[in-house]
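An overview of the molecular structure
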Amino acid sequence: MKTVRPFIFIGSFFAAIGCLAAYASTNHMVTQTDKTFDSKELAVAVGDTVLFKNTDSIKHNILVEELRYNSGIQQPGGESAVVFDQNGRFVVRCGIHSRMKMIVVVD
Ligand SMILES: [Cu+2]
């Protein structure tokens with residue numbers, strides 16, 4: 001049985017690294033379909049990353065004026081990761097479609 005233990009340890013080690021990497025990269029995901037964000041309002045913690053994924057067949061954009069964030073053009077299938085590193089209510093818009101809007105509440 002002793003020979004098995006190192007493999008268990010190594011497996012656990014990489015599993016832990018994988019979890020940390022996943023945690024650091026994305027905490028929340030919001031999709032854009034039919035010119036609509038799938039959340040009207042999303043509550044996140046300070047420091048969280050929100051991944052905005054364009055699941056539409058047309059181009060979109062992510063604009064968070066309070067954070068001075070502008071994703072540029074998001075192609076269909078494209079993703080934009082936004083880090084919300086301060087408290088507050090943030091309006092997230094699409095710079096192409098003025099009706100696309102949602103709120104991210106950071107607390
Ligand atoms: Cu749009």
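Given the structure is predicted, the values throughout are model-derived calculations rather than measurements.

Within the fold, Ser 80 resides in strand β7 (residues 79-84). In this structure Ser 80 comes out as buried when scored by relative accessible area, which is 6%. Within the structure, the side chain of Ser 80 is placed 2.9 Å from the side chain of Gln 74, a separation counted as a polar contact.

Looking now at the nonpolar core. Counting 18 residues, the largest nonpolar core has Phe 37, Phe 52, Val 64, Phe 84, Val 92 and Met 102 as its most contacted members. The dominant element in this core, judged by the number of residues it contributes, is strand β9 (residues 101-106), at three residues.

Attention shifts here to the coordination of the copper ion. All of the protein donors around the copper ion are His 60 (ND1), Cys 94 (SG), His 97 (ND1) and Met 100 (SD); their distances to the metal are 2.0 to 2.7 Å. Classification of the site at the copper ion as tetrahedral follows from its four donor atoms and the range of 89 to 133° in their angles at the metal. Binding-site remark: the copper ion is held by donors from one chain whose sequence spacing is H-x33-C-x2-H-x2-M. Residue Cys 94 is classed as buried on the basis of its relative accessible area of 3%. Its relative accessible area of 17% is what places His 97 among the buried residues.

Phi is positive for Lys 35, close to 55°, though the residue is something other than glycine. Counting through the fold element by element, Lys 35 comes out in the loop between β1 (28-33) and β2 (36-37). Positioned with a positive phi, Arg 68 is a non-glycine residue whose angle comes to about 55°. Among the structural elements, Arg 68 can be located in the loop between β5 (60-64) and β6 (69-74).

About the thresholds
Residues numbered from 1 in each chain as written. Predicted model: local features only at pLDDT ≥ 70, side-chain atom pairs only at ≥ 80, totals over all residues. Heavy atoms only, no water. Helix = DSSP H or I, 4+ residues; strand = E, 2+ residues; numbered from the N terminus. Buried < 20%, exposed > 50% of the residue type's maximum accessible area, 1.4 Å probe, protein only. Polar contact = N/O pair within 3.5 Å; in protein donor to acceptor, adjacent residues only side chain to side chain. Core = buried A, V, L, I, M, F, W, Y, C linked by side-chain atoms within 4.5 Å. Donors = N, O, S within 2.8 Å, 3.2 Å for Na, K, Ca; no water. Tetrahedral: all angles 85-135°; square planar, octahedral: opposite > 155°, others 65-115°.

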